[in-house]
Each structure stands twice: as structure tokens, then as C-alpha cells.
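Listed here are the chains, written in short residue letters.
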Amino acid sequence: MIPKTVFFDLDGTLIDQFKPIYRSYLRALEELNLEPVDYETVKQTVGGSVDVTMERLIGPELAPRAVEIFLPYFNTIMFEDLIALPGAKEILEELKAAGKRLAVFTNKRGDAARATLEHLKLTPLLDKVIGANDTPWRKPQPEFSQYALEAMQTNSEESCLVGDSPFDLESASVVKMPCHLVATGTHDLDQLSGIGADSVHPNLFQLAAKCFGLEIGPNVPEEKIASD
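The following paragraphs examine the structure supplied in this document.

**A closer look at helix α5 (residues 88–97)**
Along α5, the residues that are buried comprise Ala-88, Ile-91, Leu-92 and Leu-95. Axial view of α5: buried residues confined to an arc of 100°, hence all on one face. Check the buried side of α5 and you find it contacts β1 (5–8), β3 (83–84), β4 (101–109) and α10 (204–212).

**Comments concerning the pairing of strand β7 (residues 179–182)**
Burial along β7 is two-sided: Cys-179 and Leu-181 facing one way and His-180 and Val-182 facing the other are all buried. With 3 bridges joining them, strand β6 (residues 159–163) and β7 adopt parallel strand pairing. Note that in β7 the partner of Gly-163 across the bridge is Leu-181. Between the parallel pair β6 and β7, the chain is carried across by helix α8 (residues 166–173), and the sense of this crossover is right-handed.

**Looking at the pattern of salt bridges**
For the coordinates displayed, the defined rule picks out 13 salt bridges. Close ionic contact of Arg-65 with Glu-68 constitutes a salt bridge, the shortest N to O distance being 3.2 Å. A residue pair is termed a helical-turn pair when its members lie 3 or 4 positions apart in one helix, as Arg-65 and Glu-68 do in helix α4 (residues 63–77) at 3 residues. Between Asp-134 and Arg-114 there is a salt bridge whose closest N-O contact spans 2.9 Å. Taken together, the positions of Asp-134 in the loop between β5 (128–132) and α7 (142–151) and Arg-114 in helix α6 (residues 110–119) put the pair 20 residues apart, joining distant regions of the chain. For Asp-134, a relative accessible area of 32% translates into the label partly exposed. Here the residues in one salt-bridge network are Asp-9, Lys-139 and Asp-168, joined through shared partners.

**A few points about the pairing of β6**
The buried count for β6 comes to 5 of 5 residues, which makes it a mostly enclosed element. The two faces of β6 match: Ser-159, Leu-161 and Gly-163 on one face and Cys-160 and Val-162 on the other face are all buried. As defined by bridge partners, β1 adjoins β6 across 4 bridges and the pair is classed as parallel. By the bridge assignment for β6, Phe-8 is matched with Val-162.

**Examining the packing of aromatic side chains**
This model, assessed by the stated rule, comprises 6 aromatic pairs. A ring pair is formed by Tyr-25 and Phe-70, whose centres lie 4.6 Å apart and whose planes are at 50°; its orientation type is tilted. On the criterion of sequence distance, the pair formed by Tyr-25 in helix α1 (residues 18–31) and Phe-70 in helix α4 is long-range, its members being 45 residues apart. The same class applies to Tyr-25 and to Phe-70, which are both buried. Their ring planes at 55° and their centres at 6.5 Å tell us that Trp-137 and Tyr-147 sit as a pair that is tilted. In this pair, Trp-137 is assigned in the loop between β5 and α7 and Tyr-147 in helix α7, connecting sequence segments 10 residues apart. Accessibility expressed as a relative area gives 30% for Trp-137, which makes it partly exposed. Here the aromatic residues Phe-7, Phe-105 and Phe-144 are joined through ring pairs into a cluster of three or more. Over the ring of Phe-105 we find Lys-139; its NZ or CZ atom is 5.2 Å from the centre of that ring.

Cut-off values and rules
- Residues numbered from 1 in each chain as written.
- Predicted model: local features only at pLDDT ≥ 70, side-chain atom pairs only at ≥ 80, totals over all residues.
- Heavy atoms only, no water.
- Buried < 20%, exposed > 50% of the residue type's maximum accessible area, 1.4 Å probe, protein only.
- Helix = DSSP H or I, 4+ residues; strand = E, 2+ residues; numbered from the N terminus.
- Arc of directions from axis to C-beta.
- Contact = heavy atoms within 4.5 Å.
- Pairing = 2+ DSSP bridges.
- Right-handed = clockwise from strand over helix to strand, strands pointing away.
- Salt bridge = Lys/Arg side-chain N within 4 Å of Asp/Glu carboxyl O.
- Phe/Tyr/Trp six-rings, centres within 6.5 Å; stacked < 30°, edge-to-face > 60°.
- Lys NZ or Arg CZ within 6 Å of the ring centre and 35° of its normal.

Structure below.
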């Protein structure tokens, strides 16, 4: 069944903002006289919010101070090298035209998520943008997922979540909501396949075709599609 409401993760699903995110982590580590971390390490840890990522990188003692450095610096460079991922605008436009209700549901702080989407001119296609710090919770806490459903006046049976990581799958699973994953962010196809998602796709074009019956872009070889 095609859902009435579709929730989208943001980083790695609809947008690529990893370069300014990485530069901001480097700035925080530099100011704390810590050794730099390579790009792939940071990218693999993004998804649980900046607070969680920082704790994983440098430990809980220094993480709060590092976040204090990260946030204002990120705010000054957040639009550098920022792009909407291929197919992002098209899938939102087509789902909106089909009468679906659309929301971004992310662990990026809500104010930064809204500013990012406004910059990319995607805001008019969305009914809501729900981010970290909009509530006391973050993905994959069940309270946050339940809050998102209630904010969109829907339920898990009539909704689905599109994301790029196990965080997204768990966020959907805790409220028994279908979840579809794309390998355009923190994890590749092999890492996402077999973990229990309803389907896994290499990009938004194939997800649109397979999950929503939308032809929004170039035909991509089907052998790259994996599903559970």
C-alpha cells in the first residue's frame, strides 16, 4: 500500500551536507588541541545528532565543549558545498502532486534543518520539518517517532520513513512503521541490505520507482536494487 504520509530523513537522504559538517568537527577538535579525524570516520558516525557523534569521536567529557565550538562555526559555513541529492526535489514534487503529506524527520537540529531546506528551496514541498531540539528526544527514541506521527496527524499504518541508515530503520521499527533505505549517505548497499528494512535502493530514483511507482529520473540497472 502506498502510504498517505512520507517521512524523510535529511542528511544522506535528501541532501549532502557532509563537507561543512566535517569542517566543523575539525574546527572543534583543533580548538581543543585534539588529533583530527578523517572524513570517512566522521561520515560514518553522523546520524545520531551532533552531541552523540561528538561523544563517539572524543568521549563524553570533552564532547559538550566541542559541541559549543561546532555549532556557531557550522552556522557560518553550513551552505558551503551543500547540495540536494539527485532525485530529492523530483520525488518531493511528485509525491506532493499525488496528494501525499510530506515531512522531514531528522536528528539535525531543527533550526539548522529548516534553514538548510529553505536555502535549497525545498520548504514549500514539505508539510513539516521535525528536528532534534524541537523535542526532548532524538532518533531512534520511540517518543520522537511517536511525536512525529502525531505532529503529522497520522499513524504508522498509513506512513513510511525514507532514510539512509540503521538509525532510520530503528526509528521506524519502534513504532512499527515501514522503512525504505537509500545508499546515498552514511552506509552502502551491502551495509544496509539484510538488516530488516522493507526495501533498500542505491538512490532516490529507484526508490521512487519501486516504492511509489514514480518515474522521476534516469533508468538505473535493476541489479543494484536490494530488498528484504
